[in-house]
Amino acid sequence: MSTTFSGASSDTLELLLDFCAAHPVPDIDAQRFLTRLNSGPDAIIDWRDRGVVAVLLDAVKGASEAIPLEIVGLVPHALNVEVARELLDEVAERTKKLGCPATELALSEIWAPHAGLAIERGYCRAYADLDMVCHDPNWGDAAKLPTGWSWHDVQPVWVDEYIRVLGAAFAGIAGTFLPSPAEIRRYLADPAIQARALVADGRALAVLRMTPARRYIHAIARDPAWRGAGLGRLAMDEARSCLLATAPWQGSLELTVVDTNAAAMELYRRCGFIVNREMTVLNRTLHPAG
Ligand SMILES: CC(C)(COP(=O)(O)OP(=O)(O)OC[C@H]1O[C@@H](n2cnc3c(N)ncnc32)[C@H](O)[C@@H]1OP(=O)(O)O)[C@@H](O)C(=O)NCCC(=O)NCCS
């Protein structure tokens, strides 16, 4: 078994993974969060005896430097008021120990009943994650690509360019988190993922990542040097032609966006996306003592 995290025995990790498999949290990839998106044991709150395993995702780079907290394994009803309060206190301690200035807490179904408690503990609204859907992707014909521009699968030769554009485009955008280059390489190799790059003169101008089986767009990004040039629309046209087989286009497309990302929201609205679900994300900044 090759899954390890630094400084802890692989036996402990196996036990944590077994617990999370037995008590899964919807939409949470416990294996990925436990093994790849944290720096080691200080980021993992192992409260299996209280029915909870939580992780501070300190190995992803966010615009605000706040590290997201995720519960990755949970016995039903284990997160009562008392456990939630103590967990938030533990999170504050761990965040300090990890040398991070702030924590983010998404008010998922698990945390929503404890929103008041989190606010009492100093959390404030930071932004909301919006799940958007487009039921009628007939936003017009695909715009014509300028001569010399073409879309390519992100095969190994384009991976460095993909990482460059993604990093440059997302820098400073609240609520977006960039995994390490190694983690990006790993998910690009996942056969469930399709990634495309818009290329001209050996450089990527824009990139796109999707899960075709779910008709889900994970990320679109254009090189900031091309801001305001309409590359977002070209990426949406490409996503539509990858995810839906034929025109006239039929079927729904989905994506998630942060409500503070005005440029992306405007693009999606123009393509007919509407908000399906909204999840508020809170942020707590830790003020150094003294
Ligand atoms: C989302 C995105 C692909 C949209 O691309 P686009 O539709 O081609 O639009 P652009 O962002 O290039 O430009 C649209 C407008 O927003 C403005 N804009 C873009 N980013 C801005 C910012 N950070 N602050 C202020 N204005 C911004 C542009 O100047 C432009 O204004 P104009 O219409 O007056 O010329 C692109 O904004 C992007 O790559 N953003 C970073 C990555 C991202 O957020 N991806 C989506 C995550 S779900």
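Residues numbered from 1 in each chain as written. Predicted model: local features only at pLDDT ≥ 70, side-chain atom pairs only at ≥ 80, totals over all residues. Heavy atoms only, no water.

So, the site of the ligand
- Taken together, the neighbourhood of the ligand is formed by 18 residues, with Ile220, Arg222, Gly228, Gly232 and Asn261 sitting nearest.
- Asparagine 261 is positioned such that a nitrogen or oxygen atom in its side chain is 2.6 Å from an oxygen atom of the ligand.
- In isolation the ligand offers 910 Å² of accessible surface; the protein chains occlude 64% of this area. (Near = heavy atom within 4 Å. Polar contact = N/O pair within 3.5 Å; in protein donor to acceptor, adjacent residues only side chain to side chain. Areas by Shrake-Rupley, 256 points an atom, 1.4 Å probe, with all protein chains shown as cover.)

With respect to the domain arrangement of the chain
- As far as domains go, the chain holds domain 1 (10-122) and domain 2 (133-279).
- Taking the mean C-alpha position of each, domain 1 and domain 2 sit 29 Å from one another.
- Every contact between the two is made by 14 residues of domain 1 and, on the other side, twelve residues of domain 2.
- Taking both sides of the interface into account, the surface hidden between domain 1 and domain 2 amounts to around 970 Å²; carbon and sulfur atoms contribute 60%.
- The residue arginine 32 makes a salt bridge to glutamate 183 at a minimum N-O spacing of 2.5 Å.
- Across the domain 1-domain 2 interface, the total number found is one residue pair in polar contact (both at pLDDT 80 or more).
- Among the elements of the structure, β3 (61-62), β4 (66-74) and β5 (102-106) are those that each provide at least two residues to the side of domain 1 that touches domain 2.
- Its residues assigned to classes, the side of domain 1 that touches domain 2 shows eight nonpolar, two polar and four charged. (Domains from an automatic or database assignment. Contact = heavy atoms within 4.5 Å. Buried area = accessible area lost by both parts, 1.4 Å probe. Salt bridge = Lys/Arg side-chain N within 4 Å of Asp/Glu carboxyl O. Helix = DSSP H or I, 4+ residues; strand = E, 2+ residues; numbered from the N terminus. Nonpolar A, V, L, I, M, F, W, Y, C, P; charged D, E, K, R; others polar.)

Concerning helix α5 (residues 156-170)
- Here α5 contains 15 residues, and its C-alpha end-to-end distance of 22 Å stays within 8% of the 21 Å for a straight helix at 1.5 Å per residue.
- Looking at the buried side of α5, the elements it contacts are β7 (150-153), β8 (177-178), α6 (181-188), β9 (194-200), β10 (203-211) and β11 (216-222). (Expected span 1.5 Å × (residues − 1).)

Quick notes on the sheet that holds β11
- The sheet built from eleven strands is open, its strands ordered β1-β2-β4-β5-β13-β6-β12-β11-β10-β9-β7 with mixed pairing. Edge positions in the sheet fall to β1 (44-47) and β7, since each of these pairs with one other strand and no more. Looking at each pair of strands side by side, their axes are set apart by 25 degrees on average, direction ignored.
- Of the pairings in the sheet, the one linking strand β6 (residues 124-134) to strand β12 (residues 253-258) comprises six bridges and is antiparallel in character. Paired with cysteine 134 across the strands is leucine 253, a residue of β12.
- Each of β6, β11 and β12 touches helix α8 (residues 262-270); the most contacted strand, β12, lies at about 155 degrees to it. (Pairing = 2+ DSSP bridges. Axes fitted to C-alpha atoms, helices over the stretch in contact; angles between N-to-C directions.)

What to know about the pattern of salt bridges
- If you walk through the whole model with that rule in mind, you get 20 salt bridges.
- A salt bridge links glutamate 86 to arginine 50; the shortest N-O distance between them is 2.8 Å. With glutamate 86 in helix α3 (residues 81-97) and arginine 50 in the loop between β1 and β2 (52-56), this pair connects stretches of sequence that are 36 residues apart.
- What makes arginine 50 partly exposed here is its relative accessible area of 29%.
- Three or more residues are tied together by salt bridges with common partners; here these are Arg32, Glu183 and Arg186. (Buried < 20%, exposed > 50% of the residue type's maximum accessible area, 1.4 Å probe, protein only.)

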